[in-house]
Amino acid sequence: MRGYYEANRAADMLGIPVSVMVINVMVNGVHWHDHAEILYCVKGKMHVRADGTAYLLQAGDFITINGGVSHEIYDGEPGDVQIICSIDSKMLGDMEGRSIYCSTLEADRVEMEDARLIRQALSEMAWLCAADLPVTVQACRNQQLPVHPLQQEQNWNCYHMYLYQLMMVLVKYKKEGKKEGQRRHELIDSCAAHINQHLGEELNAGVLARLLHVSESTVYRLFSEQVGIALNEYITTVRLNAVCRCLEETTQKISAIAYECGFTGLSNFYRVFQKYVGMTPKEYRSTRKRTGVRLLFGEPDIMKLNRYQNFEELGIGKEAFREMCRQLLSFPPGRW
């Protein structure tokens, strides 16, 4: 398995085996971890590829990612909102040869009431953990750090009430693991990881076919069937995501960024950027620039390409977030 391994984040600083966060993950490269994860789309859309299959989550949708399953999030937009729930495997009991098949999507769709209970639990747990205000630099220097919301006894007890509500539903959907298509999934994982790690190099079906020892037609078919988009479009999307991250977080010249991300001709780069992003690179940088941190493209760690907004950067506030979640407790008519 390739991509990167993510350390266990299923316990927050208080040692709770199930943790949640309110976030907007726009890009998270191919990775895997031992803990299970629930991805819940609260606002906007969420593009997820898990174990070789592409999914589109809309507001109200959630999907369970089992431990050891490689997955990625891509094509997110600023202002989207998700809840990410990490679950220590010991909370799910004996998982040897088993997986949790629990989502609002067609293949593993849960019962309507169970979906409501999961949404409610995730929303309330996330709300209980969210801080009202970001921690300022001055507050840190003065050691005036805010008290974690769960250090309040009432919040602690309420969090655990919803935690066990969540576990009660999830274990209903524990089944024997699926084994079919494993080779296909391994191939697409290797392709995605190689693309993310070698953006500045030649990338095409021939390169990937030699890497995997398969035919070029097999590579094209893998992306069409498993990812849902053509190989060239996938490569372009990954490269543009990297360009956008660099425009936001570096002062490099636009031409240098384009070449480092694999665009060999500037005229083609500007044309493609305008087509996919809807504005010029210069316009994007002026509206989205955040910091002056320089990315190191020589490093193979594809975590450098991840892009996200934390809860404070979303600027929606705790109460507005809670109301947003309450409106999703039941699917709109016709969705179920």
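Everything below is about the structure shown above.
Below you will find a few notes about this structure. This is a predicted model, so every value here is computed, not measured.

Further remarks concern helix 12 (residues 318-326). Residues of helix 12 that are buried: Lys318, Phe321, Arg322, Met324 and Cys325. Seen end-on, helix 12 carries its buried residues on one side only, within an arc spanning 160°. On the buried face of helix 12, the contacting elements are strand 2 (18-32), strand 3 (36-43), strand 8 (81-87), helix 1 (112-129) and helix 11 (311-314).

Take the packing of helix 1 against helix 12 next. Two quantities define a packed helix pair, namely the angle between the axes and the distance from one axis to the other. Orientation of helix 1 relative to helix 12, taken along the N-to-C sense of each, is 175°, at an axis distance of 10 Å. Accordingly, the angle class assigned to the pair helix 1 and helix 12 is roughly antiparallel. When helix 1 is examined against helix 12, the residues Ser123, Glu124, Ala126, Trp127 and Leu128 are found in contact with a partner set consisting of Lys318, Glu319, Phe321, Arg322 and Cys325. The class makeup of the residues in the contact of helix 1 with helix 12 is 5 nonpolar, 1 polar and 4 charged.

This brings us to the side chain of Thr236. The residue Thr236 is located in helix 7 (residues 231-249) in this model. A distance of 2.9 Å separates a polar atom in the side chain of Thr236 from the backbone oxygen of Asn232. Each residue touching Thr236, except ones within four places of it in the same chain, is listed here: Val272 and Tyr276.

Moving on to the pairing of strand 2. In terms of burial, strand 2 is a largely internal element, 14 of the 15 residues being buried. In the sheet, strand 2 pairs with strand 8 via 6 bridges, with the strands oriented antiparallel. The residue of strand 8 that forms the bridge with Val22 is Ile83. Bridging between strand 2 and strand 11 (residues 307-310) involves 4 bridges; their strand directions are antiparallel. Following the sheet pairing, Ile23 is matched in strand 11 by Asn310. Relative to strand 7 (residues 71-74), strand 2 runs antiparallel, the two being bridged by 2 bridges. Note that in strand 7 the partner of His31 across the bridge is His71.

About the criteria used
Residues numbered from 1 in each chain as written. Predicted model: local features only at pLDDT ≥ 70, side-chain atom pairs only at ≥ 80, totals over all residues. Heavy atoms only, no water. Buried < 20%, exposed > 50% of the residue type's maximum accessible area, 1.4 Å probe, protein only. Helix = DSSP H or I, 4+ residues; strand = E, 2+ residues; numbered from the N terminus. Arc of directions from axis to C-beta. Contact = heavy atoms within 4.5 Å. Axes fitted to C-alpha atoms, helices over the stretch in contact; angles between N-to-C directions. Parallel < 35°, antiparallel > 145°, perpendicular 65-115°, else oblique. Nonpolar A, V, L, I, M, F, W, Y, C, P; charged D, E, K, R; others polar. Polar contact = N/O pair within 3.5 Å; in protein donor to acceptor, adjacent residues only side chain to side chain. Pairing = 2+ DSSP bridges.

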